[in-house]
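# Inside the fold
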Amino acid sequence: MATAIEILIDQYLAQADAAFKAENFQEAYKICMKLMEVDPENAQILEMKAKIEEAVQNYNIYLINKEIEKLEPLWKEERYPELIQAYQELYKAAPKYEKLEKLLSQAEEKYRESLEKKTESAIDQYEKDLEDLLVQRDGAARRFLVDRRDGGDRVADVAHLAARQREFVLRDRDHAVGHVAFVAGDHGAHAGQLQRLG
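Everything numeric in this text was worked out from a predicted model, so none of it was measured.

## Observations regarding the pattern of salt bridges
Within the structure shown, the criterion is met by eight salt bridges. Among the salt bridges present, the one from K51 reaches D17, with a minimum N-O distance of 3.6 Å. Taken together, the residues span a long stretch of sequence, with K51 in helix α3 (residues 43-76) and D17 in helix α1 (residues 4-21) at a distance of 34 residues. Take K51: its relative accessible area is 35%, and that puts it in the partly exposed class. Taken together, the shared-partner salt bridges connect D17, K21 and K51 into one network.

## Examining the packing of aromatic side chains
Applying the stated criterion across every chain yields a total of three aromatic pairs. Between W75 and Y80 the ring centres are 6.0 Å apart and the planes differ by 70°, which places this aromatic pair in the edge-to-face class. W75 sits in the partly exposed class, given a relative accessible area of 23%. Residue classification places Y80 among the buried residues on the basis of a relative accessible area of 8%.

## Considerations on helix α2 (residues 25-38)
With 14 residues, α2 extends 20 Å from end C-alpha to end C-alpha; this agrees with the ideal 20 Å at 1.5 Å per step. For α2, the set of buried residues is F25, A28, I31, C32, L35 and M36. Buried residues in α2, looked at end-on, bunch into an arc of 145°, giving them a common side. Facing away from the buried side of α2 by over 90 degrees, the exposed positions are Q26 and E37.

## Digging into the environment of E101
Mapped onto the secondary structure, E101 falls in helix α5 (residues 98-138). On the accessibility criterion, E101 (34% relative accessible area) is partly exposed. For the pair E101 and Q88, spaced 13 residues apart in sequence, the C-alpha to C-alpha distance is 9.1 Å. Ignoring sequence-local partners within four residues, the contact set of E101 consists of Y91, P95 and K96. A polar contact of 2.8 Å, which involves the side chain of E101, links it to the side chain of Y91.

## Looking at α1
Between the first and last C-alpha of α1 there are 26 Å, a value that for 18 residues agrees with the 26 Å anticipated at 1.5 Å per step. Along α1, the positions that sit buried rather than exposed are I9, L13, A16, D17, A19 and F20. Buried residues in α1, looked at end-on, bunch into an arc of 160°, giving them a common side. Residues A4 and K21 are exposed on α1 and point more than 90 degrees away from its buried face.

## Brief notes about the side chain of K49
Within the fold, K49 resides in helix α3. Look at K49 and you get buried, because its relative accessible area is 18%. The residues touching K49, leaving out its near neighbours within four places in the chain, are Y29, C32, M33 and M36.

## Comments concerning a negative patch on the surface
Side chains of E113, E116, E120, D124, E127 and E131 sit close together on the surface and give a patch of like negative charge. With respect to the element layout, E116 can be found in helix α5. For E116, a relative accessible area of 49% puts it in the partly exposed group.

Basis of the calculations
- Residues numbered from 1 in each chain as written.
- Predicted model: local features only at pLDDT ≥ 70, side-chain atom pairs only at ≥ 80, totals over all residues.
- Heavy atoms only, no water.
- Salt bridge = Lys/Arg side-chain N within 4 Å of Asp/Glu carboxyl O.
- Helix = DSSP H or I, 4+ residues; strand = E, 2+ residues; numbered from the N terminus.
- Buried < 20%, exposed > 50% of the residue type's maximum accessible area, 1.4 Å probe, protein only.
- Phe/Tyr/Trp six-rings, centres within 6.5 Å; stacked < 30°, edge-to-face > 60°.
- Expected span 1.5 Å × (residues − 1).
- Arc of directions from axis to C-beta.
- Contact = heavy atoms within 4.5 Å.
- Polar contact = N/O pair within 3.5 Å; in protein donor to acceptor, adjacent residues only side chain to side chain.
- Patch = residues over 30% accessible without salt bridge, like charges linked within 9 Å, V, L, I, M, F, W, Y side chains within 5 Å.
- Areas by Shrake-Rupley, 256 points an atom, 1.4 Å probe, with all protein chains shown as cover.
- Lys, Arg positive; Asp, Glu negative; His and termini not counted.
- Charge placed at Lys NZ, Arg CZ, Asp CG, Glu CD.

Here it is in structure tokens:
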């Protein structure tokens, strides 16, 4: 003859089974956990608990696969940080899902590769900019002198090469107005005094 506790357990197991069939897995699992406190070694309770856990895992995987499909466009757009974040969230629901683990690993690898490419591109651009700058410095270093006199601007485009004395004629529109001598000193090239031609 069944004891009062066994009868109570059977009643609660019937409730858990009804909730399970209605796909109310949370309620079914909650009942099982209460029964485990009463009889943790009961085979029927353990079987119901395992059945609920398996069903929940399968249901989660079904939902996860749906979410994975929605994330596919992000691969084509190379939005790897967003993929990684989304996969990490999904992984919490199914930490042992091999397909999800693989996708997360692939997204992380692609993200690393994209960062490496961006770094290499930045370095290449820096080297190009530096080379262009050196070419400009090896050529003429240009500046403008503005002398406001006689009601007009005398604009001179002056160029010089470091460590070499060069003389350039200052031009004011179409006629020469003066020249500047640049002399190389102990600390590199420096400007001499502006000399008037008359």
